[in-house]
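Close look at the chain arrangement
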Amino acid sequence: MYQNVKRVLISKEQIAKRNKELGAQISEDYKDKELLMVCILKGSSVFFADLIREITIPVKLDFMSISSYGNGAKSSGEVKVIKDLDSRVEGKHVIIVEDIVDSGYTLSYLTKMLKARNPASLKVCSLLDKPSRREVEFKADYVGFEIENEFVIGYGLDYAQIYRNLPEVCILDPKVYS
Ligand code: PRP
């Protein structure tokens, strides 16, 4: 799998350390609240699994599967819900967990959609943030790492649906897609 990796960008150790910090911060921020953590499939699955185990207060979990429309429609920021949440979010404290904020379209659409369901609060935790790629204003509440504009794979992130099981965040060798 590493034959198409240009280099490791964020090591297992760096990820584990940051997850501990994020978990501690979330545990403190929600210590007297009931928290629902929402995993956005598939990219955030690995981060989600690690992050929830760094949280020391009781949490409930739910999962949502979405896909972006084609390029044309992406400029409208619309995403298609493949699998919606099982739980009702009305009156609940919700954190959406994502792997990356890139153009910002997905999360600005998702947060609008879930806010319309009247949660008590709604925040976003993203492992990665690529602010240089932003096309629509969006700021996550919790961010693991801010990164440059490189094609990243691993730790849940894919290229053509593979590499999600690499344990580090890696930069894909541009020869693969150019
Ligand atoms: C990725 C990522 C975010 C979105 C971010 O999902 O998980 O949902 O793209 O990009 P944006 O800020 O430009 O909208 P992807 O569609 O690759 O699906 P996946 O999670 O199944 O890999």
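Here's what I pulled together on the structure shown here. Quantities reported herein were computed from a predicted structural model and do not represent experimental measurements.

With that settled, consider a nonpolar patch on the surface. Among the surface-exposed residues, Met1, Tyr2 and Val8 lie close enough to one another that they form a single nonpolar patch of about 280 Å² accessible area. Its relative accessible area of 41% is what places Tyr2 among the partly exposed residues.

What follows deals with helix α4 (residues 105-115). Within α4, eight of the 11 residues are buried, which leaves it mostly tucked inside the rest of the structure. For α4, the set of buried residues is Tyr105, Thr106, Leu107, Ser108, Leu110, Thr111, Met113 and Leu114.

Before going further, it helps to examine the side chain of Lys130. Along the polypeptide, Lys130 turns up in the loop between β6 (121-129) and β7 (142-146). The charged side chain of Lys130 is buried without a salt bridge, its nearest counter-charge being Asp102 at 4.1 Å. Of the polar contacts made by the side chain of Lys130, one reaches the backbone oxygen of Glu150; its length is 2.8 Å. Those residues within four positions of Lys130 in sequence are excluded, and the remaining contacts are Ile100, Val101, Asp102, Ile147, Glu148, Asn149, Glu150 and Phe151.

Turning next to the site of the ligand. Near the ligand, the surroundings consist of 16 residues, among which Glu98, Asp99, Ser103, Gly104 and Thr106 are the closest. Glu98 places a side-chain nitrogen or oxygen 2.5 Å from an oxygen atom of the ligand. Contact between the ligand and Asp102: an oxygen atom at 2.9 Å from a main-chain N or O atom of the residue. Burial of the ligand by the protein chains amounts to 81% of its free accessible area of 500 Å². Among the secondary structure elements, those contributing two or more residues to the shell around the ligand are β5 (93-101) and α4. Looking at which element gives the most residues to the shell around the ligand, the answer is β5, with four residues.

Quick look at the sheet that holds strand β9 (residues 169-172) now. Taken in spatial order, the three strands line up as β1-β9-β8 in an open sheet, and their pairing is antiparallel. Each edge of the open sheet carries a strand with a single partner, namely β1 (5-10) and β8 (152-153). One ladder, built from four bridges, connects β1 with β9; its direction is antiparallel. Residue pairing in the sheet places Ile10 in a bridge with Val169 of β9.

Scoring rules and cut-offs
- Residues numbered from 1 in each chain as written.
- Predicted model: local features only at pLDDT ≥ 70, side-chain atom pairs only at ≥ 80, totals over all residues.
- Heavy atoms only, no water.
- Patch = residues over 30% accessible without salt bridge, like charges linked within 9 Å, V, L, I, M, F, W, Y side chains within 5 Å.
- Areas by Shrake-Rupley, 256 points an atom, 1.4 Å probe, with all protein chains shown as cover.
- Salt bridge = Lys/Arg side-chain N within 4 Å of Asp/Glu carboxyl O.
- Buried < 20%, exposed > 50% of the residue type's maximum accessible area, 1.4 Å probe, protein only.
- Helix = DSSP H or I, 4+ residues; strand = E, 2+ residues; numbered from the N terminus.
- Lys, Arg positive; Asp, Glu negative; His and termini not counted.
- Polar contact = N/O pair within 3.5 Å; in protein donor to acceptor, adjacent residues only side chain to side chain.
- Contact = heavy atoms within 4.5 Å.
- Near = heavy atom within 4 Å.
- Pairing = 2+ DSSP bridges.

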